[in-house]
Amino acid sequence: MTRTVFLLVMVLGSPSVGAQGDDAPLVVGSKKFTESVILGEMAAQLLREAGLAAEHRAEVGGTRVLWEALRRGDLDAYPDYTGTITQEILAGEALPDEAALRARLAELGIGMTAPLGFNNTYALGMQEETATRLGIATISDLRAHPDLAFGFTNEFMDRADGWPGLQRAYALPHADVRGLDHDLAYRGLDDGALALTDLYSTDAEIAYYGLRVLRDDRAFFPAYRAVFLYRLDLPPEAIAALERLGGRIGEAAMQALNARAKLERTPEALVAATFLRDALGIESEVTVAGFWERLWQRTAEHLLLVGLSLFVAILVAIPLGIAAARVPRLEGPILGIVGVIYTIPSLALLVFMIPLLGIGAVPAMVALFLYSLLPIVRNTHAGLQGIAPPLRESAEALGLSPGARLRLVELPLAGPSILAGIKTSAVINIGTATLGALIGAGGYGQPILTGIRLDDTALILEGAVPAAALALAAQLLFDGIERLVVPQGLRL
Amino acid sequence: MIHLHRVTKSYGATQALRAVSLEVAAGQTTVLLGPSGCGKSTLLRLVAGLIVPDEGNIRVEGTLITPATAPALRQRMGYVIQEGGLFPHLTARENVILMARHLGWPDGRIAQRLADLADLTALPLDMLDRYPVQLSGGQRQRVALMRALFLDPAVLLLDEPLGALDPMIRSDLQDDLRAIIRRLGKTALLVTHDLSEAGFFGDTVVLLRDGAIVQQGSFRDLVERPAEPFVERFVQAQRSLVLE
Ligand SMILES: Nc1ncnc2c1ncn2[C@@H]1O[C@H](COP(=O)(O)OP(=O)(O)O)[C@@H](O)[C@H]1O
Ligand SMILES: [Mg+2]
């Protein structure tokens, strides 16, 4: 029952549509994993506490997407890790220490807060009980126990900075080492089949399974200290608000927060609010929306994404289809170009949009618009080409002008085909729009994304079922429209 | 009325018409006769300005047909094809009045003309509200004729107008069509591949073969004084068809 209640409560943190004006709220982003969402929530609540309007766009995407969005100004701040910044964002640049990193970021117009306290890096963990019994506290201590069985994730086994490097750095003699799945590793630790596994140092499971994280006494793993990245053009009070978390969240605290969100399924906004109250004495108000409110909001977002992109696509695609059918010189180029656009994988197209249009509903709508073109253009073209030559000839022989022929004869005859194209576009569009959540466009994709992150099937269905229902409704709607607009003579 | 001067038309390697010259007299019915593929429809399309000759020129009522003059000239010519060419998305009535509507004729004038033509073509008025698929083949051709006549054109271009009808209906419509053309005194250019139909309609019959005119004159001339063996064979073939 409690679980159901938690499922029915989700944070009202709507990605809003539209450009940022001077009085637009500050926008905090977060990546697609729980820890990032909690930190993003904290940042937004701290900004609000400082009297600033702020919103949180949760689960916007991966590092690249958030970084680009921050550089463009679509986002004002988001949480990241020092290791990610040096190894991924500014890879290949010589940045020996934090001061160098800070200076380099400043050149790019980006600020970095003091580290929040915890270091979320690769770590090794074992059962607390076993560790105590064997007297193991550091990775070096493992050398004295060469018979222990190790089970690592396949990624950790393969990476140079994973097991191979670690074994060399610590001269570990262990031979019983195998690669396996993360969940299996935890279970193996639990039933004693394994003594040790790799993990992230703030994983929720550490506390859940009662694991001890071994100290990296030779500092083999790079530091992934959590920080907020922010735009240097933020007002000073905003920066001061973000700095308030400096040094306040230790590893154990972050593990506990992750566990509350991920294992207990408490909404991230509540997890963040509780922490801010306990740690900083901040009473922040958190609005949580019920199932129906949430469904309504996602529906409105989804309909806007689909409706607007489809509407503009219709306005553009029908003339393109007519041009392709009537101007031989344009036929190849038009059909070719819309065909090629259609073959771009939707994820890639969404990512291409980011440097041009940033994140949110606008780039998602542009991508959906581009996808919607092909079925409509192709069906308009085919519908016009398919008109029997005697009919086309009769219209011309009557003395109708080309424009009148198109309007009075050719388009009505091609109507069923054009409408079928629009119907196809609408259905595809409704499905594809769920991917818009990946770049912060909201809609039914949002609960799907959150559901995948939390491994919560009910939440995934909360997006998938309405999306399917909407596709079905669109189908019925267009069947109705067909009955209204397709001339009776063509239906007999 | 219609004047073709050395008109040539090719489709790729196919020569549909080779330097055809022809005079179509006003107020008369000229029949284009010949085996399938000899260029009859091509000639009619050229006169209607639907296609442009490669060489030579065509005048209708003294006006040279060019892409610029064709639209206005088309309103002076009514065009009927084998299956009628009726627009399936419009009712018979909408088909018939489409062009007049487009030209902005007042409703009263349209209604009057519609009534007159229904009377002339002997089409029951309640048929006008049907869609083409709801009409019989003969009714469809009557509607197509009404549409062609609506703007009271000087010329009628008829491409095998009875070709798709079964024999009984065909003979009824044949009688009606000839009566209408004569009553209205139209200049008609009618295509057929049927010898007896040519004889029935034609003041003048033009026999084509491979895009060229083989013989033209009265039907009697054609049958009694064939200009070359091909004409004789063509006439013989169709006669024996009827006798057997
Ligand atoms: N649009 C076209 N494209 C290519 N060939 C054509 C076209 N129209 C007619 N032809 C060819 O031109 C010749 C004359 O055709 P047509 O005038 O339709 O003959 P008919 O009406 O006497 O049966 C035929 O060989 C036909 O195949
Ligand atoms: Mg023909």
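Throughout this document, residue positions are counted from 1 along each chain, in the order its sequence is written. Chains carry letters and ligands carry numbers; both start at the beginning, A for chains and 1 for ligands, and go up in the order they are written. Thresholds applied to this predicted model are a pLDDT of at least 70 for local features of residues and 80 or more for the giving and counting of side-chain atom pairs; totals over whole chains, interfaces and linings are not thresholded and use all residues. Derived side-chain values reflect all non-hydrogen atoms in the structure, with water molecules and hydrogen atoms excluded from consideration.

Some points on unusual backbone geometry
All names here are of chain B.
- Even without being glycine, Arg 6 reaches a positive phi, approximately 45°.
- Only DSSP runs of H or I reaching four residues or more are called helices, and only runs of E reaching two or more are called strands; each is numbered from the N terminus. By the secondary structure assignment, Arg 6 is in strand S1 (residues 2-11).
- When a residue's accessible area, from a 1.4 Å probe over protein chains only, is under 20% of the maximum for its type it is buried; when over 50% it is exposed; and in between it is partly exposed. Residue classification places Arg 6 among the partly exposed residues on the basis of a relative accessible area of 48%.
- The phi angle at Ala 122 is positive, at roughly 60°, despite the residue not being glycine.
- Along the chain, Ala 122 falls in the loop between helix H4 (107-121) and helix H5 (137-149).

Some remarks on the sheet that holds strand S9 (residues 196-200) of chain A
All names here are of chain A.
- Strand pairing is assigned whenever DSSP detects at least two bridges linking the two strands. The mixed open sheet is built from five strands, whose spatial order is S8-S7-S9-S6-S10. If you trace the sheet from one side to the other, it starts and ends with strand S8 (177-179) and strand S10 (211-213), each paired once. Each strand axis lies, on average, 35° off the axis of its neighbour in the sheet, ignoring direction.
- As paired strands, strand S6 (residues 122-127) and S9 are joined by four bridges and run antiparallel to one another. Bridge pairing links Gly 125 to Thr 197 in S9.
- Across the sheet, helix H9 (residues 182-190) is in contact with S6, strand S7 (150-152), S9 and S10; its angle to S9 comes to roughly 130°. Axis lines are fitted to C-alpha atoms, over the contacting stretch for helices. Their N-to-C directions set the angle, which ranges from 0 to 180 degrees. Here, residues are in contact when the closest pair of their heavy atoms is within 4.5 Å.

What to know about the domain arrangement of chain B
Residues and elements named next belong to chain B.
- Considered domain by domain, chain B is made up of domain 1 (2-76 + 155-237) and domain 2 (90-152).
- All the domain ranges listed were derived from an automatic or database domain assignment. With centres defined by C-alpha atoms, the gap from domain 1 to domain 2 works out at 25 Å.
- If you look at the interface, domain 1 gives 14 residues, while domain 2 gives 13 residues.
- Summed over both sides, the interface between domain 1 and domain 2 buries roughly 1,100 Å², with carbon and sulfur atoms accounting for 68% of that surface.
- Buried area adds together the accessible area that both of two parts lose upon being put together, with accessible area traced by a 1.4 Å probe. A per-residue breakdown of the area domain 1 buries against domain 2 is headed by Gln 75, Leu 173 and Ile 180, which together make up 39% of the total.

Here we look at the interface of chain B and chain A
- With 20 residues of chain B at the contact, the number on the chain A side is 22 residues.
- Roughly 1,900 Å² is buried in total at the junction of chain B and chain A, and carbon and sulfur atoms are behind 69% of that figure.
- Each reported salt bridge corresponds to a side-chain nitrogen of Lys or Arg within 4 Å of a carboxyl oxygen of Asp or Glu. Viewed at the interface, chain A and chain B are joined by two salt bridges.
- Two residues, Arg45(B) and Glu393(A), come together in a salt bridge whose shortest N-O distance is 2.5 Å.
- What qualifies as a polar contact is a pair of N or O atoms within 3.5 Å, subject to a donor-acceptor requirement within protein and to the restriction that residues adjacent in sequence count only when both atoms come from side chains. At the boundary of chain B with chain A, the tally comes to five residue pairs in polar contact (both at pLDDT 80 or more).

Things to note about the confidence of the model for chain B
- The predictor attaches a confidence to each residue, called pLDDT, with possible values from 0 through 100. Summarising the model, chain B shows a mean pLDDT of 91, and 98% of its residues fall at 70 or more.
- Both scores are given for the predicted complex: the pTM is 0.79, the ipTM 0.92.

Some words on helix H20 (residues 445-453) of chain A
Residue and element names in this part refer to chain A.
- Among the nine residues that make up H20, eight are buried, leaving the element largely enclosed by the rest of the structure.
- Of all the positions in H20, only Gly 445, Gln 446, Pro 447, Ile 448, Leu 449, Thr 450, Gly 451 and Arg 453 are classed as buried.
- In this structure, the buried side of H20 is in contact with helix H2 (34-49), strand S3 (54-61), helix H12 (251-262), helix H13 (268-280), helix H14 (291-326) and helix H21 (457-485).
- Asp 455 occupies a position one or two residues after H20 and carries a positive phi of about 55°.

A short note on the domain arrangement of chain A
Residue and element names in this part refer to chain A.
- Domain boundaries assigned for chain A yield domain 1 (22-119 + 224-280), domain 2 (122-213) and domain 3 (291-490).
- Here the C-alpha centroids of domain 1 and domain 3 sit 38 Å apart.
- Between domain 1 and domain 3, roughly 1,400 Å² of surface is buried when both sides are summed, and carbon and sulfur atoms account for 51% of that area.
- For the domain 1 face of the interface with domain 3, the top three residues by lost area are Glu 59, Arg 72 and Arg 265, together amounting to 38%.
- Applying the counting rule to domain 1 against domain 3 returns one salt bridge.
- Asp 456 is the salt-bridge partner of Arg 265, the closest N and O atoms lying 3.7 Å from each other.
- Across the domain 1-domain 3 interface, the total number found is five residue pairs in polar contact (both at pLDDT 80 or more).

Observations concerning helix H18 (residues 389-397) of chain A
- For H18(A), every residue scored as buried is listed here: Leu391(A), Glu393(A), Ser394(A), Ala395(A) and Ala397(A).
- Tucked into the core, H18(A) has its buried residues touching helix H19 (402-432) of chain A together with helix H1 (40-47), helix H2 (70-74), strand S6 (77-80) and H5 of chain B.
- Residue Gly399(A) follows H18(A) closely and has a positive phi angle near 100°.

A short note on the site of ligand 1
Residues and elements named next belong to chain B.
- Distances are taken per atom, and a residue is near a molecule or strand as soon as one of its heavy atoms is within 4 Å of it. What surrounds ligand 1 is the set Tyr 11, Thr 14, Ala 16, Ser 36, Gly 37, Cys 38, Gly 39, Lys 40, Ser 41 and Thr 42.
- Between ligand 1 and the protein, one listed contact pairs an oxygen atom with a backbone N or O atom of Gly 39 at 3.0 Å.
- Here an oxygen atom of ligand 1 and a side-chain polar atom of Ser 41 are 2.7 Å apart.
- Broken down by secondary-structure element, the contributors of at least two residues to the shell around ligand 1 are strand S2 (14-24) and H1.
- Top element by residues in the shell around ligand 1 is H1. It accounts for three residues.

Details of the side chain of Thr30(B)
All names here are of chain B.
- Tracing the backbone shows Thr 30 in strand S3 (residues 29-33).
- Looking at Thr 30, the relative accessible area reads 2%, which means it is buried.
- The residues touching Thr 30, leaving out its near neighbours within four places in the chain, are Val 24, Ala 25, Ala 188, Leu 189, Leu 190, Thr 204 and Val 206.

A look at the pattern of salt bridges
- Under the counting rule described, the total for this entry stands at 26 salt bridges over all chains.
- Linking Glu396(A) and Arg74(B) is a salt bridge whose minimum nitrogen-to-oxygen distance equals 3.4 Å. You can see Glu396(A) sitting in helix H18 and its partner Arg74(B) sitting in helix H2, one on each of two chains.
- Classification of Glu396(A) as partly exposed rests on a relative accessible area of 22%.
- Classification of Arg74(B) as buried rests on a relative accessible area of 7%.

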